[in-house]
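Per-entry structural report
What follows is each chain in one-letter form.
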Amino acid sequence: MQKVAVIGAGTMGNGIAHVFAQHGFSVHLIDVSQQALDKALDTIVRNLNRQLSKETITEADKQQTITNLHTFTSLAAGVQGVDLVVEAATENVDLKLKIFRELDEHTGPEVILASNTSSISITKIAAVTKKPGKVIGMHFMNPVPVMKLVEIINGYATEKSVTEYITDLSKQLGKVPCVANDYPGFIANRILMPMINEAVYTLYEGVGGVEEIDTVMKLGMAHPMGPLQLADFIGLDVCLSILRVLYDGFGNQKYAPCPLLVNMVTAGYLGAKSGEGFYKYTAGSKDLVVSDRFL
């Protein structure tokens with residue numbers, strides 16, 4: 001496999017493109033927005049410079065990685081000649097289904113179609129294509145160049161050979177693959193999101209404050225980041241979306257999103273990307289400051 005298309009130039013997409021390009025693949029990064037593509041390339045170069053300063057790569061490695069990256073604003077043009085497509089668009093089921101219908105139209109029967117979805121059913125995505133056996137989940141963790149895990153999700157019809165191939169490919173990228181079956185939230189978010197939701201409920205019900213909740217989990221449970229800070233990092237809108245997938249999929253009240261989380265997302269307080277969530281975020285500052293709303 002030499003050519004890979006990555007759809008979506010956001011945080012996950014540019015990270016996935018970075019990793020493939022750094023490991024010698026020719027990468028077609030696709031987005032409807034040229035501005036988003038330019039921003040993604042700038043981000044990749046900054047991250048490569050960070051690796052260079054830490055002496056984990058050489059200048060030659062950096063230049064080769066950049067050479068391996070190609071951008072497209074047309075999906076049809078971007079997927080020509082590729083062996084694998086990794087979709088990393090926004091976590092929206094209708095958008096993903098639309099993309100996979102288009103991919104089915106513009107790729108051959110042998111091309112593997114992977115989704116970076118963190119919660120949406122691979123079986124449902126695969127069902128809109130004529131080759132469900134070639135559809136699989138390839139869920140990278142953020143930040144992609146740093147995090148080792150790739151959660152590989154089998155849809156109901158995913159061929160065993162496809163699973164084996166994507167597992168081996170993940171190892172080639174320096175990642176650790178873990179295979180899961182296609183049920184709401186898979187492994188990672190089925191465990192993580194109820195914990196985050198319970199942390200929000202703990203704040204909502206006045207059991208503890210933002211700092212207290214995160215400190216207990218960091219110092220008591222050895223988590224590198226508290227659940228509320230992690231929720232801000234992931235994006236509160238993304239957390240809410242995944243919880244709704246879990247709640248709809250299982251019909252179990254334990255997955256019902258906390259009303260505080262719903263209100264924050266409705267009001268536009270989405271975490272780090274909006275500048276405020278449970279904490280406030282200022283460009284250039286690494287200080288962790290609790291939002292005035294929770295003081």
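Residues numbered from 1 in each chain as written. Predicted model: local features only at pLDDT ≥ 70, side-chain atom pairs only at ≥ 80, totals over all residues. Heavy atoms only, no water.

The side-chain alternation of strand β4 (residues 84-87) yields two buried faces, one formed by Leu84 and Val86 and the other by Val85 and Glu87. Relative to β4, strand β1 (residues 3-7) runs parallel, the two sharing four bridges. Of the residues in β4, the one forming a bridge with isoleucine 7 is glutamate 87. Sheet topology places β4 next to strand β5 (residues 112-115); four bridges connect them, and they run parallel. Directly across from glutamate 87, in β5, lies its bridge partner serine 115. The β-α-β motif built from β4, the intervening helix α5 (residues 93-106) and the parallel element β5 has right-handed crossover chirality. (Buried < 20%, exposed > 50% of the residue type's maximum accessible area, 1.4 Å probe, protein only. Helix = DSSP H or I, 4+ residues; strand = E, 2+ residues; numbered from the N terminus. Pairing = 2+ DSSP bridges. Right-handed = clockwise from strand over helix to strand, strands pointing away.)

Moving on: the layout of surface pockets. Reported here for the second largest pocket is a volume of approximately 350 Å³. Considering the residues around the second largest pocket, the lining is formed by Phe233, Ala272, Lys280, Tyr281, Thr282, Ala283, Gly284, Ser285, Lys286, Asp287 and Leu288. Grouping the constituent residues of the lining of the second largest pocket by class yields five nonpolar, three polar and three charged. (1 Å grid on protein atoms, 1.4 Å probe; cavity = no way out; pocket = protein on both sides within 12 Å on 5 of 7 lines; lining within 4 Å. Points joined across faces, edges and corners; volume = space filled by probe spheres on them. Nonpolar A, V, L, I, M, F, W, Y, C, P; charged D, E, K, R; others polar.)

Turning our eyes to something else, we now look at the UniProt feature "site: Important for catalytic activity" (unreviewed entry) in the protein chain. Taken from the UniProt record, the annotation "site: Important for catalytic activity" (unreviewed entry) applies to His139. Along the chain, the position of histidine 139 falls in strand β6 (residues 135-140). When residues no more than four places from it in sequence are discounted, the contact partners of histidine 139 are Ser115, Asn116, Thr117, Ser118, Leu149, Val150, Glu151, Ile153 and Asn189. (UniProt positions renumbered as here; feature names shortened; annotations may be inferred. Contact = heavy atoms within 4.5 Å.)

Working note: a packed helix pair is described by the angle between its axes plus the distance between those axes. Relative orientation of the contacting elements helix α11 (residues 236-250) and helix α12 (residues 259-266) amounts to 130°, with a least axis distance of 9 Å. Taken as axis vectors, α11 and α12 run oblique relative to one another. For the pair α11 and α12, the sense of crossing is left-handed. Between α11 and α12, the contacting residues are Leu236, Asp237, Leu240, Leu243 and Arg244 on the first element and Leu261, Val262, Met264 and Val265 on the second. (Axes fitted to C-alpha atoms, helices over the stretch in contact; angles between N-to-C directions. Parallel < 35°, antiparallel > 145°, perpendicular 65-115°, else oblique. Left-handed = near helix turned anticlockwise from the far one by under 90°.)

The next thing to look at is the UniProt feature "domain: 3-hydroxyacyl-CoA dehydrogenase NAD binding" (unreviewed entry) in the protein chain. In the numbering used here, UniProt assigns the feature "domain: 3-hydroxyacyl-CoA dehydrogenase NAD binding" (unreviewed entry) to residues 3-182. As annotated, residues 3-182 comprises 43% helix and 22% strand, and the C-alpha atoms at either end are separated by 27 Å.

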